[in-house]
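# Commentary on secondary and tertiary structure
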Amino acid sequence: MTEQSAPGPVAEIGLDLIAPEVLAPALRRLTVAAIGIGAGVGLLAAVLVSWQVGVAVGPVLGAPTALYAIAVQRRRIRLSGTEIRARTWRGEKRLDLAAATGVEILVHPGRLSRIVLRATAGPDTRIVPLGMYTDTGEGRELHPLGLRKLADALSACPLAAALAVSDVLILQSRTEARDAYAEERPLYRAVRLVRDRDAVSTIVLTDADIAQLAR
């Protein structure tokens, strides 16, 4: 008899629209600057008014920005098999796309429009950023491997909406891989579709919209 090897761990794929390594240096500088400004203003207030006022003013000015920068540095979103793992300063939260009860694509129109995937499983909801675009089509998109793995995870869900979104993400990954023009990329076409409707608030794409993008 031959021994069957145990399956290895499932590789995790990062789904961050902007790689954490890119943001980390700027966020560290922001943290140091916020702490420095808070300390400087606090010291000045202590000299000019009183040390009690300095102690109170310094943290109020510097702490919120510093804590925000630290929290952003901790944020990560990854995909392991069919499971989305989102890490925040509060800890890690998970959602299995194969068990999703709702899958939608949302567009937030604006000068810098954002398009995201919203997945729901019972009371839990996770947002995965897919892209952001300016009026000229420039911007940033989720990398092709992340799109493809996300599409594969959605294909494990029995919902018709999940399968339709999976088709859109597969087409998007193919257009990115061959460096197609913005107008050929379904995510950008989704943003243009919403802009053409002169929408100013967040729009949830309909089934007909999704079907149109998948063609």
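Note: the structure precedes this text.
The sections below set out a description of the structure shown in this document. This structure is a prediction, so every number in the text was calculated from the model and none was measured.

Attention now goes to the overall build of the chain. Of regular secondary structure, the chain possesses 6 helices and 9 strands. Each of the 215 residues in the chain was classed as buried or not, and the buried ones make up 38%. Taking contacts inside the chain between residues at least 6 apart in sequence as the whole, the part at least 24 apart equals 53%.

Once that is clear, we can look at the nonpolar core. The biggest cluster of nonpolar side chains holds 40 residues, and the ones touching the most others in it are Leu97, Ile115, Leu130 and Leu150. Not counting residues up to four positions away in its chain, the partners in contact with Leu150 are Leu15, Leu79, Leu97, Leu117, Val128, Leu130, Leu142 and Leu169.

Turning our attention to the pairing of strand 2 (residues 76-80). Two faces, one strand: in a regular strand the side chains alternate between the faces of the sheet. In the sheet, strand 1 (residues 12-14) pairs with strand 2 via 3 bridges, with the strands oriented antiparallel. Counterpart to Ile13 in the pairing with strand 2 is Leu79. Pairing of strand 2 with strand 3 (residues 83-88) involves 5 bridges; the strand directions are antiparallel. Within strand 3, the residue paired with Arg76 across the bridge is Arg87. Turn length for the strand 2-strand 3 hairpin, with the two strands adjacent in sequence and antiparallel, is 2 residues, and the turn residue Gly81 shows positive phi of about 65 degrees.

Time to look at the pattern of salt bridges. For the structure on display, the rule yields 12 salt bridges. A salt bridge links Arg94 to Glu83; its shortest N-O distance comes to 3.4 Å. Pair noted here: Arg94 is in strand 4 (residues 91-96) and Glu83 is in strand 3, with a separation of 11 residues, a long-range link. When the shortest N-O distance is used, the salt bridge between Arg118 and Glu104 registers 2.7 Å. Linking Arg118 in strand 6 (residues 113-121) with Glu104 in strand 5 (residues 102-108), this pair joins segments that are 14 residues apart in sequence. Residue Glu104 is classed as partly exposed on the basis of its relative accessible area, which comes to 27%.

Here 4 strands make up an open sheet; going across it, the order is 1-2-3-4 and the pairing antiparallel. Of all strands in the sheet, those with a lone pairing partner are strand 1 and strand 4, marking the two edges. The sheet shows a mean angle of 25 degrees between the axes of neighbouring strands, direction not considered. Alignment of strand 3 against strand 4, held across 6 bridges, turns out to be antiparallel. In the strand pairing of strand 4, Ala86 is matched with Lys93.

What follows concerns the packing of aromatic side chains. For the structure shown, the criterion picks out 1 aromatic pair. For the pair Tyr133 and Tyr188, a centre-to-centre distance of 5.2 Å together with 65 degrees between the ring planes defines the contact as edge-to-face. Of this pair, Tyr133 sits in strand 7 (residues 124-133) while Tyr188 sits in helix 5 (residues 186-196), and the two are 55 residues apart along the sequence. On the basis of relative accessibility, which here comes to 2%, the residue Tyr188 falls in the buried class.

Bringing the sheet that holds strand 8 (residues 139-141) into the picture now. As summarised here, the arrangement of the 5 strands in space is 8-7-6-5-9, forming an open sheet in which the pairing is antiparallel. The open sheet has two edge strands with one neighbour each: strand 8 and strand 9 (203-204). Both strand 7 and strand 8 contribute to a ladder of 3 bridges, which runs antiparallel. Bridged to Met132 within strand 8 is Arg140.

Here we take up helix 4 (residues 160-177). In this model helix 4 runs 26 Å from its N-terminal to its C-terminal C-alpha over 18 residues, within 8% of the 26 Å that 1.5 Å per residue would give. Looking only at helix 4, the buried set comprises Ala162, Val165, Ser166, Val168, Leu169, Ile170, Gln172, Ser173, Thr175 and Glu176. Of the residues one or two after helix 4, Asp179 is the one with positive phi, at around 55 degrees.

To continue, consider the packing of helix 4 against helix 5. Direction vectors running N to C along helix 4 and helix 5 enclose 115 degrees, while the axes themselves pass 8 Å from each other. As the angle between them shows, helix 4 and helix 5 are arranged roughly perpendicular. Seen from helix 4, the contacting residues are Val168, Leu171, Gln172 and Thr175; seen from helix 5, they are Pro186, Leu187 and Arg189. Among the residues forming the contact of helix 4 with helix 5, the class breakdown is 4 nonpolar, 2 polar and 1 charged.

Basis of the calculations
Residues numbered from 1 in each chain as written. Predicted model: local features only at pLDDT ≥ 70, side-chain atom pairs only at ≥ 80, totals over all residues. Heavy atoms only, no water. Helix = DSSP H or I, 4+ residues; strand = E, 2+ residues; numbered from the N terminus. Buried < 20%, exposed > 50% of the residue type's maximum accessible area, 1.4 Å probe, protein only. Contact = heavy atoms within 4.5 Å. Core = buried A, V, L, I, M, F, W, Y, C linked by side-chain atoms within 4.5 Å. Pairing = 2+ DSSP bridges. Salt bridge = Lys/Arg side-chain N within 4 Å of Asp/Glu carboxyl O. Axes fitted to C-alpha atoms, helices over the stretch in contact; angles between N-to-C directions. Phe/Tyr/Trp six-rings, centres within 6.5 Å; stacked < 30°, edge-to-face > 60°. Expected span 1.5 Å × (residues − 1). Parallel < 35°, antiparallel > 145°, perpendicular 65-115°, else oblique. Nonpolar A, V, L, I, M, F, W, Y, C, P; charged D, E, K, R; others polar.

All we've got here are geometric facts, nothing functional implied.
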